[in-house]
Amino acid sequence: MTAPGDARPAVRQETRGDVLVLIIDNPPVNASSQAVRAGVLAGIERLREHDGLAGAVLVGARGSFIAGSDISEFDGVVPDPLLPAVIAAIETCPRPVVAALDGLALGGGLELALGCDARLATPQAVVGLPEVTLGMVPGAGGTQRLPRLTGRAAALDLIVSGRRVGAAEARRLGIVDDVVDDDVVEAAVTLARTIGKRRVGDLPMPPEDEAAYDAFEKAATAALRRTVGAAGEAAELVRTAGTRPLTQALLDERARFDRLRTSPEAAALRHVFFAERAAPRRGGVRPAVQPVTRAGVVGAGAMGVGIAVALATHGASVHLIDRDPAQAERALGQARDLVARAARRGRLDTEAAERASRSLSASAAIADLGGSQLVVEAVFEDPDVKAAVLRSAQEVVPRAVLATNTSYLGVGRLAETLDDPTRLVGLHFFAPAHVMRLVEVVAGERTAPEAVALALRAVRDMEKCAVLAGDSEGFIGNRVFAVYRRHVEYLLEDGALPAEVDAALEGFGFAMGPFAVADLSGLQIAQSLRRRWRATDRLPARYVDIPDELCDRGRLGRRTGAGYYTYAEDGTRSVAAEVTELVLSESRRKGIARQALDRGTIVTRAVAAMAVEGARAVAAGVAAHCDDVDVAMVNGFGFPRHRGGPMWWARQQDPDEFAAAVRAVTEAAHEDDLSELVAEVLRRA
Ligand code: 3HC
């Protein structure tokens, strides 16, 4: 069996004495495609039919077992043979099959291994069931076989979180039988000769304390159940594991898998998965081959600290600079606290946390940056301050790539203040920088490809999502977000109240509605943007005065206890009669007849506004592709991942209804109709 368009077989058969070795070879990550499944099945048929064979070993080529089923097959009918049929063939084959795991065994890959009679792993093996993060449940026995090895609580944890575990933990949990330091294939061959059939599905469920399990299940699913139904369905499958015949449970699991896999949420999640991988490649520059091992961050405020932590927890030594020595010292403490917190929350193992802590240092002397390959400035958003910092850094690190963490300032213009403008690249992080995945990578007119390559490498190593953005105010994300925010303000004047807008968008899947977000960030931030618009005569055609009025009244957001909402000591928000009165009076003052706006209308107006601005960004070349807008909004602005991003959402709407929504958006903004431009951009996607 060969992969389509490829002369190499997706599964090679070799024999080592009387053991058949099936080598899965489907680049780049050994996804389990039709060709792989057919190849494994053919091997198992041979094992069944040849009396001279004692058993078989399944192994992946090039350091990976199977990184999961081929997700690109999930949009339509998955071609035969299906994975459950392959696993059934292994289970009913009278001779044993051993999985030799090296590298990734994820999703269907782990399920295939669980269908084998034993599993051996190298120390580099990583296992996991990430289906829920793709809006599905495991579809080939994962919810039934894993709990028989680990108990239900551990299985539920792995399935609902999608967490990947290394070989040592997999051994401790009982997922693999042993970890083998040297030749895992040879060890598996030996084992295949000696063991009998040991079907995981025949094992009894390990005993469990029901009350403790109930509590665990509640906690494990609470956060995810709100947005993606898959977590709840996976929990039901795990809960009932062992209480009914395996065949029945497997059919139920597969039926749910098929239903969920074809759901709009799963399609959106797959879209985001592929879009995130495509986004860094748009400019045709590959990430640098060498990683950044030594970096500097100038400006030790919250952003600088977050960037330093993101770099240090991913293998770089990082020196933080602040011109105030006391602040540099404080920032170092804060950075180490963040590392320790990541370790406490299980996001970092103890050893990695200690290494990261040790690799952080701080001072007030810019000369201490010497030897850095990358220096990121994260000082105050003022072009003169930034230019001064970068100019002093260029002397100390004559060969390093310099990066500016700016949200609005032009990278090209800043680069012109340097001796060598080709060294400067924009790296726009989002707060908190050690958590948020989005980084906009901005090349100025003269930025060298090598600088972009190093930036892409650093972003990848930090496990963040790079989106290449044009050097234009607000880049992609802030540009789209600013328009969204403006449109939700129009909704206030047109008939909605802040709590209604927030409830509608939280119902859509945003963790927080736009007014709650505004209060959290502080209203003075947007005010400074509005002042800049006013100073440069760029106020939008329709301008809403409500946020300015709130600022004037000292309602600056959560930190002041009042903004769009009023806040109690514990942070809970409540509707403020004063704000309701302000909103109503602003409509009156402008002669706007308020209309009742239902949740659907609010969502359509707000998300269509994002899509319109996204289309403008694409048309202007600021975003290279619609999908980049989606990646930016999902990873930087809390757009619900299972809705795929504003451009994906727009593409799922009825075209006539969406065109009407675009007209409503542009009318609300007192702008010309853009429905044709938007439709054209979406057609090209
Ligand atoms: N199906 C199809 N393509 C896949 C894939 C998959 N499961 N996993 C990765 N790829 C592709 C990527 O799209 C990318 O393709 P490209 O080069 O053409 O853009 C290429 O493989 C390399 O992937 P990455 O850029 O992500 O490489 P990394 O080395 O950074 O990461 C990875 C590799 C950890 C395997 C990561 O790609 C990943 O997490 N993949 C998804 C794993 C997963 O979720 N598997 C479960 C699938 S669902 C399932 O198995 C259902 C079952 O229950 C029946």
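Peer 1: Would you mind showing me how to read the nonpolar core here?
Peer 2: One recurring pattern in soluble globular proteins is that nonpolar side chains are buried together. Among the nonpolar cores identified, the biggest contains 93 residues, and Val501, Leu505, Tyr564 and Phe658 are the most heavily contacted of them. Element by element, the count of residues in this core is highest for helix H24 (residues 599-619), at 12 residues. Discounting chain neighbours no more than four positions away, the residues touching Leu505 are Tyr484, Val488, Phe510, Pro514, Val603, Ala606 and Val607. Counting 65 residues, the second-largest nonpolar core is a separate cluster that includes Ala10, Val165, Ala234 and Leu260.

Peer 1: Teacher, can you tell me more about the packing of helix H5 (residues 152-161) against helix H9 (residues 229-239) here?
Peer 2: The packing of two helices is summarised by the inter-axis angle and the distance between the axes. Where H5 contacts H9, the axes come no closer than 10 Å and their chain directions differ by 160 degrees. Relative to H9, the element H5 lies roughly antiparallel. For H5 against H9, the interelement crossing comes out right-handed. Residues Arg152, Leu156, Ile159 and Val160 of H5 pack against Ala231, Ala234, Ala235, Val238 and Arg239 of H9. A breakdown of the residues in the contact of H5 with H9 according to their chemical character gives 7 nonpolar, no polar and 2 charged.

Peer 1: Any chance you could explain a positive patch on the surface here in plain terms?
Peer 2: On the surface, a cluster of positive charge is made up of Arg164, Arg277, Arg281, Arg286 and Arg460. On the secondary structure map, Arg277 appears in helix H11 (residues 264-278).

Peer 1: Could you clarify how one ought to interpret the environment of Gly563 in this entry?
Peer 2: Turning to its location among the elements, Gly563 is positioned in the loop between helix H22 (546-552) and strand E18 (565-567). For the pair Gly563 and Glu440, spaced 123 residues apart in sequence, the C-alpha to C-alpha distance is 29 Å.

Peer 1: Honestly, the site of the ligand in this entry has me stumped. Any pointers?
Peer 2: Near the ligand lie 26 residues; those nearest to it are Gly108, Glu111, Glu131, Arg164 and Arg277. A distance of 2.8 Å separates an oxygen atom of the ligand from a polar atom in the backbone of Ser69. Between an oxygen atom of the ligand and a side-chain N or O atom of Glu111, the distance comes to 2.7 Å. At 3 residues, H11 tops the list of elements feeding residues into the shell around the ligand. Grouping the amino acids of the shell around the ligand by side-chain chemistry returns 15 nonpolar, 5 polar and 6 charged.

Peer 1: Could you clarify how one ought to interpret unusual backbone geometry in this entry?
Peer 2: The phi torsion of most residues other than glycine is negative, and most of the peptide bonds are trans. Between Pro27 and the following residue, Pro28, the backbone shows a cis peptide bond with an omega angle of 5 degrees. If you trace the backbone, Pro28 turns up in the loop between strand E2 (19-24) and helix H1 (34-49). Going from Ala431 to Pro432, the amide bond is cis rather than trans, its omega being -10 degrees. Relative to the elements of secondary structure, Pro432 occurs in the loop between strand E15 (424-429) and strand E16 (438-443). The residue Phe475 is not glycine, and still its phi comes out positive at about 45 degrees. When you line up the elements, Phe475 lands in the loop between strand E17 (465-469) and helix H18 (477-494). Phi at Asp537 is positive, roughly 60 degrees, even though this residue is not glycine. Along the chain, Asp537 falls in the loop between helix H21 (523-535) and H22.

Peer 1: I'm lost on the side chain of Gln144 in this one. Help?
Peer 2: Summarising the element assignment, Gln144 is placed in helix H4 (residues 142-150). Engagement of the side chain of Gln144 in a polar contact is seen with the side chain of Thr143, the distance being 3.0 Å. Filtering out sequence-adjacent residues up to four positions away, Gln144 remains in contact with Leu237, Ala241, Gly242, Leu246, Ala249, Leu250 and Glu253.

Peer 1: Please explain the sheet that holds strand E11 (residues 317-321) as it appears in this structure.
Peer 2: Within a sheet, each strand pairs with its neighbour through backbone hydrogen bonds, oriented either parallel or antiparallel. With mixed pairing, the 8 strands of this open sheet are ordered in space as E12-E11-E10-E13-E14-E15-E16-E17. With partners counted over all chains shown, the strands left at the sheet margins are strand E12 (360-363) and E17, one partner each. If you compare each strand with its neighbour and ignore which way they point, the axes differ by 25 degrees on average. As paired elements, E11 and E12 share 4 bridges and run parallel to each other. Note on E12: the bridge partner recorded for Val318 is Leu360.

Peer 1: When you look at the environment of Val631 in this model, what are you seeing that I'm missing?
Peer 2: Inspection of the secondary structure assignment puts Val631 in helix H25 (residues 626-636). As for Val631 and Leu374, which are separated by 257 residues in sequence, their C-alpha atoms are 25 Å apart. Excluding residues within four positions of it along the chain, Val631 makes contact with Ala275, Glu276, Ala279, Leu438, Cys465 and Val467.

Peer 1: Would you take a moment to explain the pattern of salt bridges for this structure?
Peer 2: Per the counting criterion, the structure on display carries 57 salt bridges. In this structure, Glu680 engages Arg684 in a salt bridge whose closest nitrogen and oxygen atoms are separated by 3.5 Å. With Glu680 and Arg684 both in helix H28 (residues 675-684) and 4 residues apart, this pair spans about one turn of that helix. Taken together, the salt bridges that share partners define one network made up of Glu493, Asp494, Arg542, Asp545, Glu586, Arg589, Lys590 and Arg605.

Peer 1: Quick question: what am I supposed to make of the pairing of strand E1 (residues 11-16) here?
Peer 2: Where a strand is regular, its side chains alternate between the two sheet faces. The sheet contact formed by E1 and E2 spans 6 bridges and is antiparallel. The residue of E2 that forms the bridge with Arg12 is Ile23.

Cut-off values and rules
- Positions within a chain are numbered from 1, following the residues in the order the chain's sequence is written.
- For this predicted model, a pLDDT threshold of at least 70 governs which residues receive local features, and a threshold of 80 or more governs which side-chain atom pairs are given and counted, while totals over whole chains, interfaces and linings are taken from all residues.
- The side-chain numbers reported here are obtained from all heavy atoms of the structure, hydrogens and water having been left aside.
- What is meant by a nonpolar core is a set of buried Ala, Val, Leu, Ile, Met, Phe, Trp, Tyr and Cys residues, joined one to another through side-chain atoms within 4.5 Å.
- Burial status follows relative accessibility: with a 1.4 Å probe on protein chains alone, a residue under 20% of its type maximum counts as buried, one over 50% as exposed, and anything between as partly exposed.
- Strands are runs of DSSP state E lasting at least 2 residues, helices are runs of H or I lasting at least 4, and numbering of each runs from the N terminus.
- Contact definition: two residues touch when any of their heavy atoms are within 4.5 Å.
- Note on definitions: angles span 0 to 180 degrees between N-to-C directions of axes, and those axes are lines fitted to C-alpha atoms, for helices only across the stretch in contact.
- For classification, angles of less than 35 degrees are called roughly parallel, those exceeding 145 degrees roughly antiparallel, those between 65 and 115 degrees roughly perpendicular, and all remaining angles oblique.
- It is the rotation of the near helix from the far one that decides the hand of a crossing: anticlockwise by less than a right angle makes it left-handed, clockwise makes it right-handed.
- Three residue categories are used. Nonpolar comprises Ala, Val, Leu, Ile, Met, Phe, Trp, Tyr, Cys and Pro, charged comprises Asp, Glu, Lys and Arg, and polar comprises the others, including Gly.
- Patch building starts from residues that exceed 30% relative accessible area and form no salt bridge, then joins like charges within 9 Å and nonpolar side chains (Val, Leu, Ile, Met, Phe, Trp, Tyr) within 5 Å.
- All accessible areas in this document rest on Shrake-Rupley with a 1.4 Å probe, and a residue is counted as covered only by the protein chains that are shown.
- Salt bridges are identified by distance alone: a Lys or Arg side-chain nitrogen within 4 Å of an Asp or Glu carboxyl oxygen.
- Residues scored as charged are limited to Lys and Arg (positive) and Asp and Glu (negative), so that His and the chain ends carry no count.
- All charge positions are set by atom: Lys at NZ, Arg at CZ, Asp at CG, Glu at CD.
- Proximity is defined per residue: any heavy atom of the residue falling within 4 Å of a molecule or strand makes that residue near it.
- Side-chain atoms alone can form a polar contact between residues adjacent in sequence; in general such a contact is a pair of N or O atoms within 3.5 Å, and within protein one must be able to donate a hydrogen while the other accepts it.
- Strands were regarded as paired on the criterion that DSSP finds at least two bridges between them.

Interpretation in functional terms is not warranted from these geometric data alone.
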